[in-house]
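# Observations on the three-dimensional arrangement
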Amino acid sequence: MLSTARLNLRPLTTADVDALVALHADARVNRFVPAFSPTQARERLERVEAQWAERGHGLCAVELRDTGEFIGRCGLNHWPEFDEVEAGWTLAPRHWGHGYATEAARACVDWGFDTLDVDYLTAMIHPENEPSARVAHRLGFAPRRQDTLFGKPITVYALDRPPAPNHPTGGGERR
Ligand SMILES: CC(C)(COP(=O)(O)OP(=O)(O)OC[C@H]1O[C@@H](n2cnc3c(N)ncnc32)[C@H](O)[C@@H]1OP(=O)(O)O)[C@@H](O)C(=O)NCCC(=O)NCCS
């Protein structure tokens, strides 16, 4: 669905249960995002499929273009409790440190501003999750408010829609 220099992104589906369970089972990953049993992963992916069907966006599998290997997930998730669309990213630890999360998330941010009627995108990040905060900063997100997600404190980062090209400061095009 989306391609970057090194990655392909396609909608996550219930066929990805095993990959999602394995991704979130690593303790380095589930320090900040939840671990899933196969049943929980299936339920989560059913909600992902429903969001794709209802809203036309959602979470994506991230795959290496060269090999097709599933390396993680990224995408645009609507949170009804905040009525905001979040850009999210999680990669298997063996693929950290190559810029893949930033590359995938940048494609998702561009896709979001191209196709969604939103003034800004969020990224909800635990205050101690420094690698994720660095991804957010590289994309231009900045902290906007402190909030709570599943009973835990989070910093809500936000990135405003770029100004239209005819705006004095230039920038992106609203379609
Ligand atoms: C958040 C997470 C995806 C960040 O992964 P990451 O590998 O640090 O981020 P990127 O893939 O964008 O890689 C960036 C790093 O690769 C380095 N890098 C190496 N080669 C690179 C290249 N060719 N291009 C770009 N960056 C490169 C960058 O310098 C950067 O390192 P730094 O952050 O130490 O400065 C990862 O830590 C993760 O999955 N955590 C567990 C789940 C989680 O917390 N998700 C977020 C919830 S809010």
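Residues numbered from 1 in each chain as written. Predicted model: local features only at pLDDT ≥ 70, side-chain atom pairs only at ≥ 80, totals over all residues. Heavy atoms only, no water.

## Overview of the overall build of the chain
Heads up, the condition is: Strands here mean DSSP runs of E at least two residues long; helices mean DSSP runs of H or I at least four residues long; both are numbered from the N terminus. Values of the radius of gyration come from C-alpha atoms, whereas the globule rule sets the reference at 2.2 Å times the count of residues to the power 0.38. Think of it in three bands: with a 1.4 Å probe and only protein chains considered, a residue is buried below 20% of the maximum accessible area for its type, exposed above 50%, and partly exposed in between. Here Asp and Glu are counted as negative and Lys and Arg as positive; His is not counted, and neither are the chain ends. Lysine's charge is taken at NZ, arginine's at CZ, aspartate's at CG and glutamate's at CD.
Along its length, the chain carries four helices and eight strands. In the chain, the succession of α and β elements from N to C terminus is β-β-α-α-β-β-β-α-β-α-β-β. Over its C-alpha trace the chain gives a radius of gyration of 16 Å, about what one expects of a compact globule, namely 16 Å for 175 residues. Its C-alpha atoms give the chain principal-axis dimensions of about 50 × 35 × 35 Å. By residue count, 48% of the 175 residues in the chain fall in the buried class. Within the chain, one finds 20 positive and 24 negative side-chain charges whose respective centroids are separated by 4 Å.

## A short note on the site of the ligand
What counts here: Nearness is judged by heavy atoms alone; a residue qualifies as near a molecule or strand once a single heavy atom is within 4 Å of it. What qualifies as a polar contact is a pair of N or O atoms within 3.5 Å, subject to a donor-acceptor requirement within protein and to the restriction that residues adjacent in sequence count only when both atoms come from side chains. Using a 1.4 Å probe, the Shrake-Rupley method yields the accessible areas, and only the shown protein chains count as cover for residues. Ten residues, namely Ala, Val, Leu, Ile, Met, Phe, Trp, Tyr, Cys and Pro, are considered nonpolar, four, namely Asp, Glu, Lys and Arg, are considered charged, and the remaining ones, Gly among them, are considered polar.
Around the ligand sit 22 residues, and of these G97, A101, T102, N129 and R134 come closest. Within the contact set of the ligand, an oxygen atom lies 3.0 Å away from a backbone nitrogen or oxygen of G99. Between the ligand and N129 there is a distance of 2.7 Å, counted from an oxygen atom to a side-chain nitrogen or oxygen. Here the ligand, which alone exposes 960 Å², has 71% of that area covered by the protein. Residue assignment for the shell around the ligand shows that the elements contributing at least two residues are β5 (84–91), α3 (100–115), β6 (120–125) and α4 (130–139). With five residues, the single largest contributor to the shell around the ligand is α4. Looking at the shell around the ligand residue by residue, the class counts come to 12 nonpolar, seven polar and three charged.

## Considerations on the side chain of H57
Using the following cut-off: It only takes one pair of heavy atoms within 4.5 Å for two residues to be counted as in contact.
Tracing the backbone through its elements, the reader meets H57 in the loop between α2 (38–55) and β3 (59–64). Reaching out from H57, the side chain makes a polar contact with the side chain of R55 at a distance of 3.0 Å. The residues contacting H57, other than those within four sequence positions of it, are Q51, W52, L76, N77, H78, V85, W111 and L116.

## Focus: the environment of T115
Among the secondary structure elements, T115 is positioned in helix α3. For T115 and F36, which are 79 residues apart along the polypeptide, the C-alpha to C-alpha distance reads 31 Å. One polar contact links the side chain of T115 to the main-chain carbonyl oxygen of W111, over a distance of 2.7 Å.

## Description of unusual backbone geometry
The phi torsion at D83 lies on the positive side, around 45°, for a residue other than glycine. When you line up the elements, D83 lands in the loop between β4 (70–79) and β5. You will see that F150, though not glycine, has its phi angle at about 50°, which is positive. You can see F150 is positioned in the loop between β7 (142–149) and β8 (152–160).

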